[in-house]
Amino acid sequence: MASIEEKVKQIIVDKLGVDESEVTRDASFQNDLGADSLDTVELIMEFEKEFDISIPDEQAENIQTVGQAVTYLESSVEK
Amino acid sequence: MKRVVITGIGALTAIGNSVPEYLEGLRNGRSGATPITQFDADKFKTQFACEVQDWDPTQRVDKREARRQDRYTLMALYTADEALEMAGLLGEDRQTLASVDPDRAGCIWASGIGGLRSLEEQIEIFDGGDGTPRYNPFMIPRMIANMGAGHISMRYNLRGPSYATVSACASGGHALASAADDIRLGRADVMVTGGSEAVITKVAIGGFNSMKALSTRNDNPAEASRPYDADRDGFVLGEGAGALVLESLEHAQARGATILAEIGGYAASSDAYHISAPHPDGTGAKMAMLNAMKDAGLSPEQVDYINTHGTSTPLGDTAELKAIQLAFGEAVYDLNISSTKSMTGHLLGAAAAIESIACVLAIQHNFIPPTINHFTDDPEIDPRLNLTFNKAVEKPVRVALSNTFGFGGHNSATIFKRFAD
């Protein structure tokens, strides 16, 4: 089964239309991957759907990079 | 007032995904109607439409944009790109226009309905869920009917006027007239105009079916759109887009552009009668044609070709012909009339755009596109009218008039003429 990190990266590649090699843990959605604020909202919603969780808005605001998404999802999905 | 010329066109239809392919389809009298693939239409009264086939938007639109946008705005961008390329206006980056002041360039783009598909998808997702709202943040920008104009303006940095016109199946005609006005009145040098529509969806087919507006000839889609035939039973829904680059004559000449045709004149009128039925006496449509000729300074004898609204509905086809006869008098017998919807289906808000392009192509290539699928004469129709049945006719075309009428009683007529200095 794909790891959380692999799934997260796949969603980002699909939604932002970027190359997989660009999706590093440090990459910022808006600064490095060309996302705008609406793309970021869409990504969060895709994470919620994929992992069947609900991410509160105040938590979502702190998810700006690939690494932050993976860390957040690893901790909340495993709980 | 400034003269308005056309320097670029772009087309995406069920009978061709580019201007050369569209021209080929019009000349050969090809039908674009096939069984619906875009949703499961098994239980629908109508199970066919004129779908755009084998289309790869990423040939002209960035991959990422292609993912974010509704089909109707992608079609808008795709055809605008072809038209601007033909006009010789695309900069090297294909993102800005060369030899154009961006503050004097704009886009007026039509759609009758907008991104209905995107709205339907999101409603289904919500209805299939547990009640938690997870509407996609792009739903509204995908759905709203002005986004064709918005995206074209953003893509090419057009900073003059940009907005949408919405008048159902006449939307494209009103867009073209508004864009031409901006040039005539000296507010802009270059305007991109046209329309796009992509609503081969459950809601649109189902809704038009309930109005009994669509053909239900499921056993023979290719012969279903048959304007003026005695056995016509409704229109065939089409999808696609058409784009035209309008320019002031002096701007086009100053940069040595190839001029495809000139916009002679145009007019709009209203039936003030019924939400969907045409006025039985044809007054509204007649006034649109008469005023367009007046605007163009042309008499009925000077018109060579009328591209009709002719949707293949029992009432609409005869009402329009009646109006044409009222407007043109005896001169009507010397000109050719045809409905290219017999081939492309009815593109609603984009109909006037692709039919304007058919008029431009008729002038450029001196031919009358046919009204295909004629089998049985309708006794209600004057047999002396030249309805150009089944086969294209080669003949000089100097002046062509395009009619479009929309639910709500909106009428628009536009006249194109061969350019002469």
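Residues numbered from 1 in each chain as written. Chains lettered and ligands numbered in written order. Predicted model: local features only at pLDDT ≥ 70, side-chain atom pairs only at ≥ 80, totals over all residues. Heavy atoms only, no water.

Chemist: Can you help me understand the interface of chain B and chain A in this one?
Modeler: Accessible area lost upon the coming together of the parts serves often as the stated size of an interface. In this complex, chain B contributes 10 residues to the contact, which on the side of chain A involves 15 residues. In total, chain B and chain A occlude about 1,000 Å² of area from one another, counting both sides; carbon and sulfur atoms represent 50% of this. When the buried surface of chain B facing chain A is broken down by residue, Arg64, Arg134 and Pro137 of chain B rank first, second and third, together holding 54% of it. Joining chain B to chain A, the criterion identifies four salt bridges. The tally of links between chain B and chain A comes to nine residue pairs in polar contact (both at pLDDT 80 or more). Of all the secondary structure elements, the ones that give two or more residues to the side of chain B that touches chain A are helix H2 (63-68) and helix H5 (139-143) of chain B. It is H2 of chain B that contributes the most residues to the side of chain B that touches chain A, three residues altogether. (Contact = heavy atoms within 4.5 Å. Buried area = accessible area lost by both parts, 1.4 Å probe. Salt bridge = Lys/Arg side-chain N within 4 Å of Asp/Glu carboxyl O. Polar contact = N/O pair within 3.5 Å; in protein donor to acceptor, adjacent residues only side chain to side chain. Helix = DSSP H or I, 4+ residues; strand = E, 2+ residues; numbered from the N terminus.)

Chemist: Would you explain the packing of helix H4 (residues 116-127) of chain B against helix H8 (residues 202-210) of chain B in this entry?
Modeler: Packed helices, taken two at a time, are described by the angle their axes make and the gap between the axes. Residues and elements named next belong to chain B. In the contact formed by H4 and H8, the axes pass within 9 Å of each other and the chain directions differ by 105 degrees. One way to sum up the angle between H4 and H8 is to call them roughly perpendicular. For the pair formed by H4 and H8, the contact residues are Leu116, Glu120 and Glu124 on the first element and Lys202, Val203 and Ala204 on the second. Here the contact of H4 with H8 is composed, by residue class, of three nonpolar, no polar and three charged. (Axes fitted to C-alpha atoms, helices over the stretch in contact; angles between N-to-C directions. Parallel < 35°, antiparallel > 145°, perpendicular 65-115°, else oblique. Nonpolar A, V, L, I, M, F, W, Y, C, P; charged D, E, K, R; others polar.)

Chemist: Help me understand the sheet that holds strand E1 (residues 4-12) of chain B, please; the structure alone is not making it clear to me.
Modeler: Backbone-to-backbone hydrogen bonds join strands into a sheet, with any given pair of strands oriented parallel or antiparallel. Residue and element names in this part refer to chain B. Read from one edge of the open sheet, 10 strands run E5-E4-E6-E7-E1-E8-E14-E13-E9-E10, paired in mixed fashion. Looking at which strands have only one partner, the edges of the open sheet turn out to be strand E5 (162-165) and strand E10 (336-338). If you compare each strand with its neighbour and ignore which way they point, the axes differ by 25 degrees on average. Bridge analysis of E1 against strand E7 (residues 240-248) gives eight bridges, and the strand direction is antiparallel. Looking at E7, one finds that Ile9 is bridged to Leu244. Relative to strand E4 (residues 105-110), helix H6 (residues 147-156) is tilted by about 155 degrees, and along the sheet it contacts E4, E5 and strand E6 (190-197). (Pairing = 2+ DSSP bridges.)

Chemist: When you look at the UniProt feature "domain: Carrier" (unreviewed entry) in chain A in this model, what are you seeing that I'm missing?
Modeler: In this structure's numbering, the residues bearing the UniProt feature "domain: Carrier" (unreviewed entry) are residues 2-77 of chain A. Helix makes up 58% of residues 2-77 of chain A and strand 0%, whereas the separation of the span's terminal C-alpha atoms amounts to 14 Å. (UniProt positions renumbered as here; feature names shortened; annotations may be inferred.)

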